[in-house]
Each structure stands twice: as structure tokens, then as C-alpha cells.
Amino acid sequence: MRRQRTQTRPVFYPDRLAMILGAGHERLAAMESDAESVDLLTWNIFASLATHADQDWLAYRLQALGGTAVRAPLRISLWTGRDREPFLRPSPEYTTAIKQRSAAAGHADDALSAFEQAIDLPVRVESPDTLLLVDPIGTQYRRGGGGRDRLLELIDAGLTHARRLSRALTIAVVYPSGTPAAGDLSARINELRDPATLRAELAHRRTIPPLALRELSWQRLIHLWDAEREHLDLSGQPVKAFLAHLEGRGLR
């Protein structure tokens, strides 16, 4: 009886991924079955970039994402937050302000407990001078529950964590160009780059230290990754299958 060949799934370092997320995590199944999975792109790109043989050069290349403050040595952490390394927590002042607005809008008290939970973050990059928080986006701009704003949540929690680390804060959003999410996010980022707008949005903070808001398309990031592939530890990984996946999605 002839055995059928099974298709190699383009997920890199599956054992390491299972250790990070936990065996049977819903993200694992989605990464293997969902053709539009942002988590698959996030893991394969950033987990492999973290293996770069030249950290100084990697830091230079990642300045396209995080700005000129990014320099070696780097620590790249993936999917930290609610279940592991819950460093990003909303400030008490932010939580209070959100609860007041939500209560005024008629939201139930039991729904407000979510505002106090640690924030899940796909990618965190620690550099000597800056804390870079990366939020990869798919085809839609995600907002928090109850009218919360994902960017504001990351800024508020990021400022607190960056101060704890004695670093400046940089937040970068990665999105596929040519999608509604691209236009929505660019517009929102430009709004929040205005100091007056940011102060009004985070009125609960007496002062807001300087921070950087950046954006990059998946297409540009994948081009960067593609150029560095020979310097990454991709031995034994389904690279060809992943490249085909990227081409099928029009990202390469």
C-alpha cells in the first residue's frame, strides 16, 4: 500500500514554541490551520531573527522597526503577558479612568475586571536604551474590549515598564500594506504622535515621557528577514514551505 506524503507545516522550532505556549495551546492549532494567521508570521520571523549570528548587525537592521535607539545586545521575547512574564500591566490610574468611563457607559462591573489583567504582547525587544514593544496586526485594527484602545493600553503599560527598566519606550505596529488596517493604524498613530492629543488621551498621567510610535509593513519586515536568512539558525526548519506560504499571501 502506497503511503501518502504529509505536507510539512511551515512552523519553525515547534518544540520551543510548545514550551513557550504550553502543549495544546489554541494558538498552535490556529498557526497550523489558519492561512491568515498573524501568529505564524510573528513566530517564524521573530523567533528566527533572534538566532542571528551577528547581534550588532541584527540591531542595526531592526532599526527599521524600532528606530536608531535599537542597539545590541538585544533580548527578543515572544508572547509574554497574561500567562508568562506578565510585565505589562495597566497603571492603576489608567484602570480607574477606564472603569469610570465604562461605568458611565453602562458596562457591568464584572466585565471591568479585564481592564486590570496583564496585557498579552506578541513581541518584546529589550535594548540597552529602549524598550521596543511590537504589535503585529492582521487585516483589521484590533481594539480592546469595552471601547478600549490597544495602542493606548500599550503606551500606558509600556511607559511604566520602561521606567522600571530605565529605558525609553518605543511602540511599533506591523501590518500588511494595502489593507484597511494599514490606513486605520497609520491615521491613529499620527494622531497619537501629537503631544497634545496624547496628553488628552492619557489625562490620568501628570507627565508623559518622550516616546516613539513607529509602523512597518509586513512586506518590508519580511524583505528584511529574507535578506538575513543565511545568517539565521534555520537548519531543519520548513523554510521552503514558509516561503511558499508568504508568496501565497502576497507578502513576498
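Below or above, wherever it landed, is the structure these notes cover. What you see is a predicted model, and the numbers here were worked out from it, not measured in a lab. Residue indices begin from 1 for each chain and proceed along its sequence in written order. Side-chain atom pairs in this predicted model are given and counted only at pLDDT of 80 or more, local residue features only at pLDDT of at least 70, and totals for whole chains, interfaces and linings cover all residues. Think of the side-chain values as coming from all heavy atoms in the structure, minus any hydrogens and water.

## Looking at the overall build of the protein chain
- Per the convention used, a helix needs a DSSP run of H or I reaching at least four residues, while a strand needs a run of E reaching at least two, with both numbered from the N terminus. When helices and strands are tallied, the protein chain shows 11 helices and five strands.
- For the protein chain, the proportion of contacts with a sequence separation of at least 24, taken over those separated by at least 6, is 74%. Residue contacts are counted whenever heavy atoms from the two residues lie within 4.5 Å of one another.

## Digging into the packing of helix 3 (residues 38-49) against helix 11 (residues 239-248)
- In this analysis, axes come from line fits to C-alpha atoms, helices being fitted only over the stretch in contact, and the angle between any two N-to-C directions falls in the range 0 to 180 degrees. Relative to each other, helix 3 and helix 11 sit at 135 degrees, their axes nearing to 12 Å. Judged by the angle between their axes, helix 3 and helix 11 are oblique. Helix-helix and strand crossings are classified by hand; for helix 3 and helix 11 the assignment is left-handed. Along the contact surface, helix 3 presents Leu40, Leu41, Asn44 and Ile45, while helix 11 presents Phe242, His245 and Leu246. Orientation categories follow fixed angle ranges, with anything under 35 degrees roughly parallel, anything over 145 roughly antiparallel, 65 to 115 roughly perpendicular, and all other angles oblique. Here a crossing is called left-handed whenever its near helix is offset anticlockwise from the far helix by less than a right angle, and right-handed whenever the offset is clockwise.

## Quick word on the packing of aromatic side chains
- Centre distance within 6.5 Å is the pairing criterion for rings of Phe, Tyr and Trp, where only the six-membered ring of Trp is used; planes under 30 degrees apart are then read as stacked, over 60 as edge-to-face, and the remainder as tilted. A full pass over the atoms with the stated rule returns six aromatic pairs.
- On the numbers, 6.0 Å between centres and 10 degrees between planes, the contact of Trp43 with Trp79 is stacked. A residue pair is termed long-range when its members are at least 10 positions apart, and Trp43 in helix 3 and Trp79 in strand 1 (residues 75-80) qualify at 36 residues.
- Judged by relative accessible area, which is 1%, Trp43 ranks as buried.
- For the ring pair Trp225 and Phe242, a centre distance of 5.5 Å and an interplane angle of 85 degrees mean the geometry is edge-to-face. A residue pair is termed long-range when its members are at least 10 positions apart, and Trp225 in helix 10 (residues 218-228) and Phe242 in helix 11 qualify at 17 residues.
- Accessibility here uses a 1.4 Å probe with only protein chains present; expressed as a share of the type maximum, an area under 20% marks a residue as buried, one over 50% as exposed, and anything in between as partly exposed. Among the residues examined, Trp225 registers a relative accessible area of 0% and is labelled buried.
- In this structure Phe242 comes out as buried when scored by relative accessible area, which is 0%.

## Thoughts on unusual backbone geometry
- Residues Ala72 and Pro73 are joined by a peptide bond in cis, for which omega reads -5 degrees.
- Structurally, Pro73 is set in the loop between helix 5 (63-66) and strand 1.
- The phi dihedral of Trp79 falls on the positive side, at around 50 degrees, and the residue is not glycine.
- The phi dihedral of Ser166 falls on the positive side, at around 60 degrees, and the residue is not glycine.
- Relative to the helices and strands, Ser166 resides in the loop between helix 7 (150-165) and strand 4 (168-175).
- The class of Ser166 is exposed, set by a relative accessible area of 67%.

## Focus on the sheet that holds strand 1
- DSSP calls a pair of strands paired once it identifies at least 2 bridges connecting them. Ordered by their spatial adjacency, five strands build an open sheet running 1-2-3-4-5, and the pairing between neighbours is mixed. Lying at the two open borders of the sheet, with one neighbouring strand each, are strand 1 and strand 5 (211-217). Direction aside, the axes of adjacent strands within the sheet are offset by 20 degrees on average.
- Across seven bridges, strand 3 (residues 130-136) lies against strand 4 in parallel orientation. Residue Val134 lies in a different strand from strand 4, and its bridge partner there is Ala172.
- Contacting strand 3, strand 4 and strand 5, helix 10 runs over the sheet at an angle of about 80 degrees to strand 5.

## Let's talk about the pattern of salt bridges
- Here a salt bridge means any side-chain nitrogen of Lys or Arg lying within 4 Å of a carboxyl oxygen belonging to Asp or Glu. Evaluated as defined, the whole model comprises 18 salt bridges.
- Between Glu85 and Arg84 there is a salt bridge, with its nearest N and O atoms 3.8 Å apart.
- Assessed through its relative accessible area of 26%, Arg84 is described here as partly exposed.
- Arg124 is paired through a salt bridge with Glu126; the nearest N and O atoms lie 3.2 Å apart. Just as Arg124 is buried, Glu126 falls in that class too.
- Each member of the salt-bridge network shares a partner with another, and the members are Arg75, Arg84, Glu85, Arg124 and Glu126.

## Overview of the nonpolar core
- Throughout this description, the term nonpolar core refers to a set of buried Ala, Val, Leu, Ile, Met, Phe, Trp, Tyr and Cys residues connected via side-chain atoms within 4.5 Å. Residues Trp43, Ile45, Trp218 and Trp225 are the most contacted members of the largest nonpolar core, which totals 44 residues.
- Broken down by element, this core gets its largest block of residues, eight residues, from helix 3.
- Setting aside residues no more than four positions away along its own chain, Trp225 makes contact with Phe12, Asn44, Ile45, Ser48, Leu49, Leu232, Leu234, Phe242, Leu243 and Leu246.
- Listed in part, the 28 residues of the second largest apolar core include Ile119, Ile137, Ile155 and Ala162.

Keep in mind that these numbers describe shape and distance, not what the molecule does.
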